[in-house]
Amino acid sequence: MLSANGIRYVDLFCGIGGFRLAIGQATRELGLDATCALSCDIDESCQDAYEANFGERPLGDIRAIVADDVPDHNLLLAGFPCQPFSIIGSMLGFEDTRGTLFFEICRILERKKPEAFVLENVKLLVGHKKGRTLKKILHSLAHLGYAVDFKVLNSLDFGLPQKRERIFIVGFRAPSRALFWPQGVSKMTPLEEILEKRVAKKYYASDRIIKSRLAAHKKRSYATIWHENKAGHISAYPYSCALRAGASYNYLLVNGERRLTPREMLRLQGFPDTYKIVCNYSQTRKQAGNSVSVPVVSAVLRSVLETLGYISGQEKPGATMTEQYAGTASENCPEVQAALSS
Ligand SMILES: C[S@@+](CC[C@H](N)C(=O)[O-])C[C@H]1O[C@@H](n2cnc3c(N)ncnc32)[C@H](O)[C@@H]1O
């Protein structure tokens, strides 16, 4: 079905293309070809950014995509929106997840049966509804015939000066396959390398805000990013707290005085400077906050490709899939069949 040295993937809920940059990076380093078979995102500004950078305009609403029309692919990649958690968490089982955006992923997996998938979401998913939501997600994926595993990874451990913890859920069609989760790297890129040297006045906070920040915290001799939590407490670190799509404009301030520029936000997510910024400030801010950290995804994808046998890895004893979620063929699961055929 697919060429020996090439990876075909689909980029669902693609945003501005963080997964696409990551798979490009991982496969290039490994001497493999990667082709995007389909991308989709409902947001027009994300489509604009994606098209400007990758030369393809993503399809829109995933709910309008007929699963049979999705081209064959080896890998399904998706940073799905966290909006349906509250819905999934209160549901009884796989059949009840119909109508959520997570189900759209299941729908395509069920029909196209790619070799593996990588999903990304917020860490909150782990504890949501005392773990019931994640359990339902894992069970649903296992019922589709996948051996499933998950791990929370922090961008800080992958060289980026951003504390961003995200859950990665990986599944393989062959139940015996086990993933060796990447360990990360020891060296963090210094914040100074991310910050722009000359920054326009418009990024500076008002005198009132700067004064209130300085009253709460002392300035340091080195670059810091000041973070205001929900309770109004200010902390300053030599790295950024997680970029967030919907946070207040003063949630993160460089040295307590100015906002991050669009380029700085993208750098904090590991986007290269060749990435074209074509949207306005608030759109780019939202997009960067929603995006994945490229080096983290790239490391996960390297491990996935190694597990799939696209590159030879060393024997690493002791890796096991999360046992209870080892794949069960969906063909044998009447619950899934009923949900998908109705
Ligand atoms: C968490 S973001 C993923 C960002 C992406 N991984 C990146 O690196 O930029 C979720 C994305 O899902 C998109 N989305 C939400 N509902 C959708 C739908 N019904 N169909 C397609 N995309 C949708 C949003 O516009 C958003 O860009």
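Everything that follows concerns the structure shown earlier in this document.
These remarks concern the structure in this document. Small disclaimer: the values here were computed from a predicted structure and weren't measured.

Here's the deal with the overall build of the protein chain
The secondary structure content of the protein chain amounts to 12 helices and 11 strands. Per-residue burial over the protein chain gives 44% buried out of 342 residues. Summarising the internal contacts of the protein chain: among those between residues at least 6 apart in sequence, 75% fall at separations of at least 24.

Quick word on the environment of T261
Looking at where T261 falls in the secondary structure, it is placed in the loop between strand 11 (252-254) and helix 9 (262-268). Overall, T261 belongs to the buried group, with 20 C-beta atoms counted inside 10 Å. With 24 residues separating them in the primary sequence, T261 and R285 have C-alpha atoms 8.6 Å apart. Sequence-distant contacts of T261, defined by excluding residues within four places in its chain, comprise E196, V199 and Y203.

Regarding the sheet that holds strand 3 (residues 75-78)
In space, the six strands of this open sheet follow the order 2-1-3-4-7-5, with mixed pairing throughout. Of all the strands in the sheet, the pair left with one neighbour each is strand 2 (33-40) and strand 5 (147-154). If you compare each strand with its neighbour and ignore which way they point, the axes differ by 20 degrees on average. With four bridges connecting them, strand 1 (residues 6-12) and strand 3 associate as parallel partners. Paired with L12 across the strands is A78, a residue of strand 3.

Re the site of the ligand
Close to the ligand lie 20 residues; F13, G15, G18, D43 and G79 are nearest. Across the shell around the ligand, the residue classes tally to 11 nonpolar, five polar and four charged.

Details of the pairing of strand 1
The buried count for strand 1 comes to five of seven residues, which makes it a mostly enclosed element. As judged from the seven bridges shared by strand 1 and strand 2, these two strands associate in the parallel manner. Within strand 2, the residue paired with I7 across the bridge is A34. For the crossover that starts at strand 1, traverses helix 1 (residues 18-29) and ends in the parallel strand 2, the hand is right-handed.

Quick word on the pairing of strand 3
What you see with strand 3 is no split at all: L75 and L77 on one side and L76 and A78 on the other are buried throughout. Bridging between strand 3 and strand 4 (residues 116-122) involves four bridges; their strand directions are parallel. The partner of L77 across the bridge, within strand 4, is V118.

Some words on the nonpolar core
Of all hydrophobic cores here, the largest spans 81 residues; its most connected members are L12, A22, L76, L77, V118, V300 and L301. Broken down by element, the residue count for this core peaks at eight residues, all from helix 11 (residues 294-307). No fewer than three residues from each of domain 1 (6-186 + 292-341) and domain 2 (197-260) sit in this core. The contacts of L77, once residues within four sequence positions are left out, are Y9, V10, D11, L12, F19, I23 and V118.

Here's the deal with the sheet that holds strand 9 (residues 234-237)
Pairing in this open sheet of three strands is antiparallel, and the strands run 9-8-11 from one edge to the other. Whereas interior strands pair on both sides, the edge strands pair on one side only; in this sheet they are strand 9 and strand 11. Recorded for the sheet is a direction-independent mean angle of 25 degrees between the axes of neighbouring strands. One ladder, built from three bridges, connects strand 8 (residues 225-228) with strand 11; its direction is antiparallel. Pairing of I225 across the sheet is with V254, part of strand 11.

Digging into helix 11
In this model, helix 11 (14 residues) spans 20 Å end to end at C-alpha, consistent with the 20 Å of a helix rising 1.5 Å per residue. The buried fraction of helix 11 is high, at 13 of 14 residues.

Cut-off values and rules
Residues numbered from 1 in each chain as written. Predicted model: local features only at pLDDT ≥ 70, side-chain atom pairs only at ≥ 80, totals over all residues. Helix = DSSP H or I, 4+ residues; strand = E, 2+ residues; numbered from the N terminus. Buried ≥ 20, exposed ≤ 12 C-beta atoms within 10 Å, placed from the backbone. Contact = placed C-beta atoms within 7 Å. Pairing = 2+ DSSP bridges. Axes fitted to C-alpha atoms, helices over the stretch in contact; angles between N-to-C directions. Near = placed C-beta within 6 Å. Nonpolar A, V, L, I, M, F, W, Y, C, P; charged D, E, K, R; others polar. Right-handed = clockwise from strand over helix to strand, strands pointing away. Core = buried A, V, L, I, M, F, W, Y, C linked by C-beta atoms within 7 Å. Domains from an automatic or database assignment. Expected span 1.5 Å × (residues − 1).

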